[in-house]
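# Chain and residue survey
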Amino acid sequence: MALDAFGPKLPELIGGSADLAGSNLTIWKGSKDVNSSDSAANYVYYGVREFGMSAISNGLALHGGFIPYDATFLVFSDYARNAVRMSALIPAHAIHVYTHDSIGLGEDGPTHQPIEHLASLRIIPRNHVWRPCDAVESAVAWKAAIERKDGPSCLVFSRQNLAHQTRTDSQLALIELGGYVLADAAKLDVILVATGSEVDLAVQAKVVLEKDGIGASVVSMPCANVFDRQPQAYRDAVLPPSCRKRVAIEAGVTDYWRKYVGLDGAVVIDTFGASAPAEALFKHFGFSVDAVVATAKRVLAQ
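Quantities reported herein were computed from a predicted structural model and do not represent experimental measurements. (Residues numbered from 1 in each chain as written. Predicted model: local features only at pLDDT ≥ 70, side-chain atom pairs only at ≥ 80, totals over all residues. Heavy atoms only, no water.)

### A closer look at the sheet that holds strand β6 (residues 153-156)
Taken together, 6 strands build an open sheet; the order of strands is β2-β1-β3-β4-β6-β5 and the sheet is parallel. A single partner strand is all that each edge strand has here, and the edge strands are β2 (43-45) and β5 (128-130). This sheet shows a mean twist of 20° between the axes of neighbouring strands, independent of strand direction. Each of β3 (67-73), β4 (95-99) and β6 touches helix α3 (residues 77-89); the most contacted strand, β4, lies at about 155° to it. (Pairing = 2+ DSSP bridges. Helix = DSSP H or I, 4+ residues; strand = E, 2+ residues; numbered from the N terminus. Axes fitted to C-alpha atoms, helices over the stretch in contact; angles between N-to-C directions. Contact = heavy atoms within 4.5 Å.)

### Things to note about helix α5 (residues 135-147)
The first and last C-alpha atoms of α5 sit 18 Å apart over 13 residues, in line with the 18 Å expected at 1.5 Å per residue. Listed as buried for α5 are E137, S138, V140, A141, W142, A145 and I146. (Expected span 1.5 Å × (residues − 1). Buried < 20%, exposed > 50% of the residue type's maximum accessible area, 1.4 Å probe, protein only.)

### Re the packing of helix α7 (residues 199-211) against helix α12 (residues 289-301)
Orientation of α7 relative to α12, taken along the N-to-C sense of each, is 60°, at an axis distance of 9 Å. One element, α7, and the other, α12, form an angle in the oblique class. The element α7 and its partner α12 pack so that their crossing is right-handed. Contact with α7, carried on its side by L201, Q204, A205, V208 and L209, involves V289, V292, V293, A296 and K297 of α12 and no other residues of that element. Taken together, the residues of the contact of α7 with α12 break down into 8 nonpolar, 1 polar and 1 charged. (Parallel < 35°, antiparallel > 145°, perpendicular 65-115°, else oblique. Left-handed = near helix turned anticlockwise from the far one by under 90°. Nonpolar A, V, L, I, M, F, W, Y, C, P; charged D, E, K, R; others polar.)

### Comments concerning the environment of S37
Structurally, the position occupied by S37 is in the loop between α1 (21-24) and β2. C-alpha separation for the pair S37 and R49, spaced 12 residues apart in sequence, amounts to 23 Å.

### Description of the sheet that holds strand β10 (residues 246-249)
Overall, mixed pairing links the 5 strands, which are arranged β7-β9-β8-β10-β11 in an open sheet. Strands at the two margins of the open sheet, each flanked by one partner only, are β7 (180-183) and β11 (266-267). Where β7 and strand β9 (residues 216-220) come together, 3 bridges link them in antiparallel fashion. Its bridge partner lying in β9, A183 is registered against V218.

### Brief notes about the layout of surface pockets
Of the voids in this model, the second largest pocket is the one considered here, and its volume is about 400 Å³. As for the second largest pocket, its lining consists of 16 residues, and the residues nearest its centre are S197, L201, Q204, F282 and F287. Elements with a contribution of two residues or more to the lining of the second largest pocket: α7 and α11 (278-284). Ranked by residues supplied to the lining of the second largest pocket, first place goes to α11 with 4 residues. A breakdown of the residues in the lining of the second largest pocket according to their chemical character gives 7 nonpolar, 5 polar and 4 charged. (1 Å grid on protein atoms, 1.4 Å probe; cavity = no way out; pocket = protein on both sides within 12 Å on 5 of 7 lines; lining within 4 Å. Points joined across faces, edges and corners; volume = space filled by probe spheres on them.)

And the structure:
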């Protein structure tokens, strides 16, 4: 989502990127290079300095007067990790933006395709990791990150275009709780839990399952860290304990999702990526409607 959409609130932000500004899309019409003579300059080009960039964001946050955000590819969060950990430990009101979030990056191959990075960032205490599925969830994630005062937020975005999801006003209000039922089922047989680019895949799989007489709900969980802090009654409403048949769909390591789907549930992908167009990679690694439907049916048969 373009930063321009946030209008007059953005001048309080100061941004920067590590050699990938054009790809990260974090430059907006109000961005001004700090190397210029403009006294209102607010954007830093850091080069290949992910750790230094994130550490400087911590310093800017502690100084006050600005809310700093920085940006790079998600796979390069490894280079910044010590500074991101410090963001949470201090804690500092810094926003770390990561793009190209999965095998959907495509032809750059496994060296640039993050697999374990989402789980690694989520387990940092006090770190909120948002992986939105469309422009609406992206706007909520930015709003949450800007308004949060007690720690950092990581905003994780996909390279590829993502389909818009239809929501009611009540569902829209629930996004900020970190997880919510995006598509309910009259007869609940299985729960599909997904994030980011995989949410639309879950929605499509739900349609196919229901044609086969299987009731499936789709839970979008843009921020598991925030969802886990909600009252038990709300979490049980989203993930009813009575329904133990669950499938987690995220293009990353699977162990993190066991706390939601259990040992009897199913998860997708536990391997490094490959070099190919994104569409071919998702199909190869089991991120297709047919594969999700087959996985859900296998869980139901257990």
